[in-house]
Structure formats: structure tokens, C-alpha cells
Amino acid sequence: MTERPSVLFALDPVHLPLLFPPDLMARLTATADIDPTVVADLRDPGARRLLGETEVLITGWGCPPLTVETLDAAPKLRAVLHTGGSVKYLLPDEGWERGLLVSSAATANALPVAEYALGMILLAGKGVFQLAGRYRDERGFTLGEVHPHVGNVGRRVGVIGASRIGRRLIELLRPHDLDVVLHDPYVDEAAAARLGVRAVGAAELFRESDIVTVHAPAVPETDHLVDRAALASMRDGALFLNTARGSLVDHRALTAELVSGRLSAILDVTDPEPLPADSPLWGLPNVLLTPHIAGSQGNELRRLGGTAVDELARLAAGHPLHHRVHRAELPHAA
Ligand SMILES: NC(=O)c1ccc[n+]([C@@H]2O[C@H](COP(=O)([O-])OP(=O)(O)OC[C@H]3O[C@@H](n4cnc5c(N)ncnc54)[C@H](O)[C@@H]3O)[C@@H](O)[C@H]2O)c1
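So, a few notes on the structure that sits alongside this text. Treat the numbers as computed from the prediction; the structure is a model and nothing was measured.

**As for the overall build of the protein chain**
Looking only at helices and strands, the protein chain features 13 helices and 12 strands. By the compact-globule yardstick of 20 Å for 334 residues, the protein chain fits well, its C-alpha radius of gyration being 22 Å. Dimensions of the protein chain, computed from the C-alpha atoms along their principal axes, are close to 65 × 45 × 35 Å. Looking at the protein chain alone, contacts between residues at least 24 apart form 66% of all its contacts between residues at least 6 apart. A total accessible area of about 15900 Å² is found for the protein chain, and carbon and sulfur atoms account for 56% of it. Charge separation in the protein chain, taken as the distance between the mean sites of 32 positive and 41 negative side-chain charges, equals 3 Å.

**Some details on the site of the ligand**
Surveying the vicinity of the ligand reveals 28 residues, the closest of which are Ile 165, Asp 184, Ala 216, Gly 295 and Ala 334. One of the backbone N or O atoms of Arg 164 is found 2.9 Å from an oxygen atom in the ligand. Note that an oxygen atom of the ligand is positioned 2.5 Å from one of the side-chain N or O atoms of Asp 184. Calculation on the ligand without its partners gives an accessible area of 870 Å², and the protein chains cover 89% of this total. Sorting the residues of the shell around the ligand by element identifies α6 (106-125) and α8 (164-173) as the ones contributing at least two each.

**Concerning the sheet that holds strand β2 (residues 33-39)**
Strand order across the open sheet formed by five strands is β2-β1-β3-β4-β5, with parallel pairing between neighbours. Two strands lie at the open edges of the sheet, namely β2 and β5 (101-103), each paired on one side alone. When the angles between neighbouring strand axes are averaged without regard to direction, this sheet yields 15°. With four bridges joining them, strand β1 (residues 6-10) and β2 adopt parallel strand pairing. Bridge pairing in β2 links Phe 9 to Val 38. Packed onto the sheet, helix α13 (residues 301-316) meets β1, β3 (56-59), β4 (79-82) and β5 and runs at close to 160° relative to β4.

**Focus on the packing of α6 against α13**
To characterise two packed helices, one gives the angle between the axes of the helices and the distance between these axes. Interaxial distance between α6 and α13 falls to 8 Å at its minimum, and their mutual angle equals 155°. Classified by the angle between their axes, α6 and α13 sit roughly antiparallel to one another. Here α6 runs over α13; the crossing is right-handed. Side by side, α6 and α13 meet where Ala 108, Asn 109, Leu 111, Pro 112 and Glu 115 of the first sit next to Arg 303, Leu 304 and Thr 307 of the second. Tallied by class, the residues present in the contact of α6 with α13 amount to four nonpolar, two polar and two charged.

**What about helix α2 (residues 22-31)?**
Of the residues making up α2, those classed as buried are Leu 24, Leu 28 and Thr 31. Each buried residue of α2 lies within a common arc of 70° when the element is viewed along its axis, so the set occupies one face. For α2, the exposed residues set more than 90 degrees away from the buried face come down to Pro 22 and Ala 30. For α2, the secondary structure elements touched by its buried residues are β1, α1 (16-19), β2, β3 and α13.

**Some remarks on unusual backbone geometry**
Following Asp 271, the chain continues to Pro 272 via a peptide bond in cis, the omega torsion being 0°. Here Pro 272 shows up in the loop between β11 (264-267) and β12 (287-289). Residue Pro 274 is reached from Glu 273 by a cis peptide bond, and omega for that bond is 0°. A positive phi angle, close to 55°, is found at His 224, a residue other than glycine. Among the structural elements, His 224 can be located in the loop between β9 (211-214) and α11 (228-233). A relative accessible area of 34% means that His 224 is categorised as partly exposed. Positioned with a positive phi, His 292 is a non-glycine residue whose angle comes to about 50°. With respect to the helices and strands, the residue His 292 is situated in the loop between β12 and α13.

**Some points on the sheet that holds strand β6 (residues 156-160)**
Strand order in the open sheet formed by seven strands is β8-β7-β6-β9-β10-β11-β12, and the pairing between neighbours is parallel. At either end of the open sheet lies a strand with only one pairing partner, and these are β8 (198-199) and β12. For β6 and strand β7 (residues 179-183), the ladder comprises five bridges, and the chain directions are parallel. By the bridge assignment, Arg 156 is partnered in β7 with Asp 179. Where α8 meets the sheet, it contacts β6, β7 and β9, and its direction lies at approximately 160° from that of β6. Relative to β11, helix α12 (residues 251-260) is tilted by about 130°, and along the sheet it contacts β10 (239-242), β11 and β12.

The rules behind these values
Residues numbered from 1 in each chain as written. Predicted model: local features only at pLDDT ≥ 70, side-chain atom pairs only at ≥ 80, totals over all residues. Heavy atoms only, no water. Helix = DSSP H or I, 4+ residues; strand = E, 2+ residues; numbered from the N terminus. Rg over C-alpha atoms; globule rule 2.2 N^0.38 Å. Contact = heavy atoms within 4.5 Å. Areas by Shrake-Rupley, 256 points an atom, 1.4 Å probe, with all protein chains shown as cover. Lys, Arg positive; Asp, Glu negative; His and termini not counted. Charge placed at Lys NZ, Arg CZ, Asp CG, Glu CD. Near = heavy atom within 4 Å. Polar contact = N/O pair within 3.5 Å; in protein donor to acceptor, adjacent residues only side chain to side chain. Pairing = 2+ DSSP bridges. Axes fitted to C-alpha atoms, helices over the stretch in contact; angles between N-to-C directions. Parallel < 35°, antiparallel > 145°, perpendicular 65-115°, else oblique. Left-handed = near helix turned anticlockwise from the far one by under 90°. Nonpolar A, V, L, I, M, F, W, Y, C, P; charged D, E, K, R; others polar. Buried < 20%, exposed > 50% of the residue type's maximum accessible area, 1.4 Å probe, protein only. Arc of directions from axis to C-beta.

Okay, here's the thing in C-alpha cells:
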């Protein structure tokens, strides 16, 4: 790697100003030779000439996976700094075999998702969504009612997955009067205790939580992890929160539980996504749907860009990356 690496952006240009506002762009240009062209698709013939000199690719949302042809056109390429979360499908096998350094902004992207989950857990526990709906629908007649089933004292939150997001959420839940339990087959009791939570089996988590919040990656073993039996075992009136991926949930079974009114749900992700226009979930008072916005949006993108800027500075200084992704992690990662 040269002292001033030559860098090419490969991402949807619409994200560039939010990822790299002027202060971050200034840091980038102080560290590296930045090609002003922002390539949306490295397979374009025009990208080949640029790739010939590229040592570092800064990739992001909208960049299709790199191909062997792309790598062949980039003989000087040493590192791929991804401003998105998952890098699972970013490189062909050859990219890993060539020893390219790969870094991701998944840790920065975990922050807003965990904040979203925290906010939803607290507001739902307070009864805000349902009471606000009734207040509006009944034009204020609910004022002064007693709400014995509302509140965040002593409620049990079941976190599925000590992922980056799951761990950050556990930290954010700590100051509250909640009882947090965790299910993650890769985290034993001692490791859970270090996170300040109790490790439980999946069956106990579903059966005994007031809120179940899913933060595991979408991998073959988590497909329909939340199945009909798991949902049926949840407490009457419990809340199901999904910011992970729709594929983790049996949506037919979830829809039946929600239509019956036995459970409520907050879903930032669904299967399919979006739901069909005639899905009953759109109209239920016990369901809140958001359009896959828990991850970085708006000014949160600067944290993703900032991660790449910091990683580039480390590369240029000959220091190790802080957010390096190793191929061996991929099967159990988002
Ligand atoms: N809604 C959004 O906008 C948004 C944004 C970012 C990520 N996500 C999703 O959030 C989830 C977590 O993302 P992340 O980057 O924190 O993940 P991550 O890559 O950090 O997760 C990996 C960890 O998940 C745990 N895990 C693996 N298999 C598991 C299983 N079978 N059961 C329970 N836990 C298991 C393991 O501890 C593993 O180390 C993913 O599904 C991801 O796609 C959603």
C-alpha cells in the first residue's frame, strides 16, 4: 500500500453526501488520492480503466457484488472498505483467496437499530402506540382511564442473538428496570453473565418474556427460528419485535396470532417485504409496521462513512483495521 493510497468509490452516488459530508470528505482527501468518479456498478466497461490504479475500494449500498473480472481489472487492489453492514455477498471467493483486506461498517450500523429497538420497547411497554390510537379514534374519551397493564417496571425482555445489534441493545437496556434474558447458541452462560444478562434456551425465552426482540442474522439455521410453536408459547399480550430479517419468522403463524389480537408486534422487516397490499397486518391496531428504517438513515450515514475514513487512515499509516471481517466469520454473521 502506498502512503497515499488511490481510492475509488463504488456505491450509489445518492448516498455519497450523507456518507461523507464535507468534514469527512476533507479527511479522506487529506489521506488518499480520491478518484472523483463515483462508480455505481464496477461491471461497467468505464470502470475498468479506473480500477487499474485502485488500491482501495470504498463500497456501499447500491454496489453490486464484485466479480472475478472486477478483481482481475484491479491488480493493485489491497482493501475493500464497505460503508454498509454485511459483506457476505460483496466479494467472490477469489477476493478472499487473494487476501484482500475487508472491513465493514456493521458496528456503526448497529447503533441506530439498537436505538430503534430500545425506543420501541419502552414506548410499547408504556402502551403509547395503542393508547395513542384509541385516543385519536375515540376523540379523547380515553382521558383519565386507568391503565393497570402499562409500564416498564420488571418486564422481561428476551433478546435473540448477541449480535452487534443484540449486544448494543443489551447495553442500552441496562439502565432500565427491565429483566433481560438472552438466547444465542454461540454464547454460553458465562459470556452472557459478562454481558449482564441471563442465558436461556429459546423455549424459555419465548414462554417467559413480555417482549421478544430478534437480532440474529438471516442464515439457514435461523430460517423460521420464530415458528408457529414459538409464537404459540408466547404470553398473552406479549410484544414481538423484529428488526432482523423477515425470513426468521413464520409470517403465516405470526399473522394468525396478530389477527386474533393475542400478541402485538412491531415489524421493521417482514416476509415478503413489503407485505402484500391486502395483508391484514396493515390495518391492525396491535401492529406497527415501519419500512426497514431501523438501520442507518439520514445523518446516521455519516457514522458509516466515518468508519471507512478511520479505516483508510489506519491502512495509510500501516496499522491494522479495527473492523476487519474474516471469511471464517461469514457463516454465522449477518
Ligand atoms: N432493520 C434494519 O435496518 C437492519 C440493519 C442492520 C442489520 N439488520 C439485521 O439485524 C440482524 C443483526 O445484525 P448484526 O450486524 O448485529 O449481526 P451480526 O453479524 O453481528 O450477528 C452475528 C451473531 O449473531 C449470533 N447468532 C448467530 N446465529 C444465531 C442463532 N441461530 N440464534 C441466535 N443468535 C445467533 C451470534 O452471536 C453471531 O456472532 C441481522 O439479521 C441483520 O440483517 C437489520
